[in-house]
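Structural description and commentary
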Amino acid sequence: MKLRRLLLASTALLTVLVAAPRPVKAEPLSTALVLSLGPAFGTAAGGLTALGTIASAAITAGITYGIGALFGSKSSAPTPSDISGTYKQDIPSRMGHLGRRRVGGSWLFAEVKNGTLHQVLAHGDTVVDGWEKTFIDNNEVELDGSGWASGEPYPANVIRVQDRPGTVDQTAFDDLIGAFPGGWTADHRGRGIALSYMQCHPVDQDDVGKVYPNRVPTVNRIGRMGSCYDPRTGTSVWTRNLALHLAEYLTREDGAQIAPEYIDNARLAAAANLCDQAVPIKAGGTIPRYHGGLSWSFDETPAGPIKRLLTAMDGIIDLVGDGKLAIDAGMYVEPDVTIPDRLILDYNLSDSSGPLREANEVRVKYSHVAADYAEADMDPWRNEDDISFSGQRKKLPIEAFEIEHHNHARRIAKIAAAEAGSELQGWIRCAFPAIRAWGKRWVRFQIAEAEVDLPFKVRSVEFDTNSKEFTFQVVAMGAEAYAFDPATEEGEAPPVPEPLSSAAVDPPADVVVITGAREVSAGSYVPTLEMTWSTLPRPSSTAQAQISPAGTDQWTDITMVKSGTEKYRKAVAETVADNTLYDLRVRWRTPTSNWTTVPGVRTESDPTPPDVPTFVRVNLSGTDGVEVLWNAPNNSNFKGVRIYQGTTSNPALATLLSPPAWGAPSSSGSREIEDLDPDDYYFFVASINGSSKESARVPCLGNPIAIEEEP
């Protein structure tokens, strides 16, 4: 049964990689079983034909689609301009989105009535977690609670944008029903499709050229798109984690249509943790290792989105022993499996270094978040020595619009360059006992006659069911390809172009963040963060302030003061966790400036510790235990005590015993401490408040207390 499940899973995966995303009947496999699919950085001639001779043509095609990175011949992947464009088609192309994306869409409706243009735009078959920015004719605007746009060059109450998030229970637009009764009804709900409805009202003739320079305005928006199942929490959430994006795409009805039970959730959780891992960047701070976004057309075969995600996370899909698909993200791991020379039947390894180097310049196209998701060219990763020696540039272009940061693009380029310039790459065919390398990304191979004893990165694996032999597509490389110093290796990101709609404006200055607290009940406080900044650059300017858990790049808006003397000069965050680090940032809107960021601010709801506990004492309890007792102070912010244990009279050297003992002001408390080894012990007790601020540590009456050896 397990082998049958394995065969079915392999057949299903290969089928979706080469066929249209619709249910199909898979032919049985007779000679070869593909066990691993991943990216292969190299030239089109070398990387995309990586498996050599394979008996089954269908499997050869599957591998070709499954492991190629985005280079060589032009990819059909949608570019950022494709994704953010507006299209009028009789039968619109459907799109899906995951992560934070700038999206346009297809017109579903466009009519003029009484001088007002009504447009309905379908952004994609997705659920929107929230919209963050709106652009009309590439001018960023701010929408009030009713959807009215403000900001240059739009007068008040001229353009209104309403939306529906794409949920199954969303309703039709009431204003559109009222304007076109019978033409647009309550049944026009667009369930499952994220929609925007834009009303463009007439303006004075003198303002037409400024407000409507293209006559028919277009709208696109930046939003948090879709949700993905996260096995670490057992819930579906919005995320920019590329491993979770890949699993979501593999199992979607509009994706690869693989049943969710075929995904190895333990491996997925490990890959997701690696994608979330913080890596330093040149400008200071960190970004997650492999975060980004995915947009795909339903006209694509699943091969395209799968390849692009594997490229962006240096990932691989393994078919593991129980027939499930395991997703791994790229990181060097010292091999724990070695295939000795006696198990190696044949090999074909070539040298791609020196004069034979396949590429000495890697270029990555990515989505530039700081430029509102415009297409950008990475600062090329170049091997200057080889360029000088050979007298030519051997380019390896990679399109990876799923990547959204220059640091991320450069790391992927370094890995690609290491693979393209490896001293040994090709295939190694092994006897059946090499099965222990199945599912391993990194394997050490020993080939005596070639004096090879090296770690290899496994690009893909094929199992011949007739000969019971494994063929590994490999490239020799090690930890150095994944080590990355942002100061010397990140290069220079492309400059962010000035907004088309306004003159350049400096970002807010004199930004100050103050930690505070508000009392929610007697003696109980919750933390707040208050941010202030300099005066407005123009009387008509507004501002936007955001907060993110430190180093995560998970930004959300916070409450802006919009009246009085502090109008658009102050923002307050009141739903923050206590004793937690946050990054905050602010920028001007109308016109739009760059962000000013204040990193690493720690919340603190109550900075004042309660008074020390009184009548603190310790007594023996049994033969190997003690009882610590205390009286709590009469402070409204007292929440409990911490108990410390040591073997000297210095409280600073004592060890905290967890957890705290909670209690009410003026109460008495005690705790039993058991299973102590024979020794002389000192115990100390300190009061704490709700923010874990503690008083001085009070030594117990009875210190030192001796635990004697049993006779």
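Numbers given to residues run from 1 along each chain, matching the order in which its sequence is written. Given that the model is predicted, a residue must reach a pLDDT of at least 70 before its local features are reported, and side-chain atom pairs must reach 80 or more before they are shown or counted; all residues, however, enter totals for whole chains, interfaces and linings. Heavy atoms throughout the structure, all of them, feed into the side-chain values; hydrogens and water do not.

For the purposes of this entry, the term helix denotes a DSSP run of H or I that reaches at least four residues, the term strand denotes a run of E that reaches at least two, and both are numbered from the N terminus. Broken down by element type, the chain carries 12 helices and 44 strands. Partly exposed residues are those whose accessible area sits between 20% and 50% of the maximum for their type, while under 20% is buried and over 50% is exposed, using a 1.4 Å probe and protein chains only. Per-residue burial over the chain gives 53% buried out of 711 residues. Between two residues, a contact is recorded if the distance between any of their heavy atoms is within 4.5 Å. Sequence separation of at least 24 residues holds for 70% of the intrachain contacts in the chain that already meet a minimum separation of 6. For the chain, the accessible surface area stands at approximately 31000 Å², while carbon and sulfur atoms represent 51% of it. Areas reported as accessible are Shrake-Rupley estimates using a 1.4 Å probe. Residue values count occlusion only from the protein chains shown.

Core analysis: the largest hydrophobic core is formed by 56 residues, its most contacted members being Leu 246, Leu 250, Tyr 290, Met 313, Val 362 and Val 364. Buried Ala, Val, Leu, Ile, Met, Phe, Trp, Tyr and Cys residues that are joined via side-chain atoms within 4.5 Å together make up what is termed a nonpolar core. Counting 23 residues, the second largest nonpolar core, distinct from the first, contains Phe 445, Val 452, Phe 456 and Val 461.

Let's shift gears to the sheet that holds strand S29 (residues 512-521). The sheet built from four strands is open, its strands ordered S29-S30-S34-S33 with antiparallel pairing. Edge positions in the sheet fall to S29 and strand S33 (559-560), since each of these pairs with one other strand and no more. Each pair of strands is called paired provided DSSP finds at least two bridges between the two strands.

Here we take up the packing of helix H7 (residues 242-251) against helix H8 (residues 265-276). The interhelical angle for the contact between H7 and H8, taken along N-to-C directions, is 140°, at an axis separation of 7 Å. Classed by the angle they form, the pair H7 and H8 counts as oblique. Where H7 approaches H8, its residues Leu 242, Ala 243, Leu 244 and Ala 247 are matched on the opposing element by Leu 268, Ala 271, Ala 272 and Cys 275. When residues are grouped by polarity, Ala, Val, Leu, Ile, Met, Phe, Trp, Tyr, Cys and Pro land in nonpolar, Asp, Glu, Lys and Arg in charged, and all others, Gly among them, in polar. Residues that form the contact of H7 with H8 fall into these classes: eight nonpolar, no polar and no charged. Every angle, taken between N-to-C directions, lies between 0 and 180 degrees, and every axis is a line fitted to C-alpha atoms, over only the stretch in contact when it is a helix. Here the word oblique covers every angle except those under 35 degrees (roughly parallel), over 145 (roughly antiparallel) and from 65 to 115 (roughly perpendicular).

Here we come to the environment of Arg 602. Note that Arg 602 resides in strand S36 (residues 596-602). Separated by 75 residues in the primary sequence, Arg 602 and Pro 527 place their C-alpha atoms 9.8 Å from one another. The contact partners of Arg 602, leaving out residues within four places of it in the chain, are Thr 515, Asn 579, Thr 580 and Leu 581. For this analysis, a polar contact is any N or O atom pair within 3.5 Å, provided that within protein one partner can donate a hydrogen and the other can accept it, and provided that sequence-adjacent residues contribute only side-chain to side-chain pairs. A distance of 3.3 Å separates the side chain of Arg 602 from the backbone oxygen of Asn 579, its partner in a polar contact.

The next thing to look at is the packing of H7 against helix H9 (residues 303-312). Packed helices, taken two at a time, are described by their axes: the angle between them and the distance between them. Here H7 crosses H9 at 165°, and the two axes come no closer than 10 Å. One element, H7, and the other, H9, form an angle in the roughly antiparallel class. Taken as a pair, H7 and H9 cross one another with a handedness that is left-handed. Every residue of H9 that contacts H7 at Leu 242, His 245, Leu 246, Tyr 249 and Leu 250 is listed here: Pro 305, Ile 306, Leu 309, Leu 310 and Ala 312. Classifying every residue of the contact of H7 with H9 by side-chain character gives nine nonpolar, one polar and no charged. Handedness of each helix crossing follows the sense of rotation of the near helix against the far helix: counterclockwise by less than a right angle gives left-handed, clockwise gives right-handed.

In this section: the pattern of salt bridges. The term salt bridge refers to a side-chain nitrogen of Lys or Arg lying within 4 Å of a carboxyl oxygen of Asp or Glu. Under the counting rule described, the total for this entry stands at 43 salt bridges. Notably, a salt bridge pairs Asp 372 with Lys 133, separated by 2.5 Å at the nearest N-O pair. Separated by 239 residues along the polypeptide, Asp 372 in the loop between strand S21 (361-368) and strand S22 (374-377) and Lys 133 in strand S6 (residues 128-136) bring together distant segments of the chain. The two residues Asp 372 and Lys 133 agree in class, both being buried. Of the charged contacts in the structure, one is a salt bridge between Arg 382 and Glu 384, with a shortest N-O distance of 2.7 Å. Since its relative accessible area comes to 32%, Arg 382 is described here as partly exposed. Taking the relative accessible area as the measure of exposure, Glu 384 reaches 45% and is therefore partly exposed. Here the residues in one salt-bridge network are Asp 314, Glu 419, Arg 441, Lys 457 and Arg 459, joined through shared partners.

Ring pairs are drawn from Phe, Tyr and Trp, using the six-membered ring of Trp, whenever the two centres fall within 6.5 Å, and their geometry is named by plane angle: stacked under 30 degrees, edge-to-face over 60, tilted for the rest. Under the criterion given, the structure shown has 15 aromatic pairs. Their ring planes at 80° and their centres at 5.8 Å tell us that Trp 442 and Tyr 482 sit as a pair that is edge-to-face. In this pair, Trp 442 sits in strand S26 (residues 442-447) while Tyr 482 sits in the loop between strand S28 (469-476) and helix H12 (486-489), placing the two residues 40 residues apart along the sequence. Members of the aromatic cluster, connected to one another through ring pairs, are Phe 432, Trp 438, Phe 445, Phe 456, Phe 463, Phe 470 and Phe 472. Above the face of the Trp 555 ring, Arg 585 is positioned so that its terminal group lies 4.1 Å from the ring centre. A cation sits over an aromatic face here: Arg 697 above Tyr 644, 3.7 Å from the ring centre. Counting as a charge over the ring demands two things of the Lys NZ or Arg CZ atom: a distance within 6 Å of the ring centre and an angle within 35 degrees of the ring normal.

Moving on, we come to the sheet that holds strand S31 (residues 542-549). Strand order across the open sheet formed by four strands is S32-S31-S35-S36, with antiparallel pairing between neighbours. In this open sheet, the two strands that pair with only one neighbour each are strand S32 (556-557) and S36. With eight bridges connecting them, S31 and strand S35 (residues 581-589) associate as antiparallel partners. Residue pairing in the sheet places Ala 545 in a bridge with Val 586 of S35.

With that out of the way, let us pick up a negative patch on the surface. A patch is a set of surface residues, each over 30% in relative accessible area and not in a salt bridge, joined within 9 Å for like charges and within 5 Å for the nonpolar side chains Val, Leu, Ile, Met, Phe, Trp and Tyr. Think of it this way: Lys and Arg go in the positive column, Asp and Glu in the negative one, and His and the chain ends go nowhere. Charge positions come from single atoms, namely NZ of Lys, CZ of Arg, CG of Asp or CD of Glu. The grouping of Glu 672, Glu 674, Asp 675, Asp 677, Asp 679, Asp 680, Glu 708 and Glu 709 at the surface amounts to a negative patch. Mapped onto the elements, Asp 675 comes out in the loop between strand S41 (668-673) and strand S42 (679-688). Looking at Asp 675, the relative accessible area reads 61%, which means it is exposed.

Another point: H9. Counting buried positions along H9 gives 10 out of 10 residues, so the element sits mostly inside the fold. Buried within H9 are the following residues: Ala 303, Gly 304, Pro 305, Ile 306, Lys 307, Arg 308, Leu 309, Leu 310, Thr 311 and Ala 312. Following H9 by one or two positions, Asp 314 has its phi on the positive side, about 45°.

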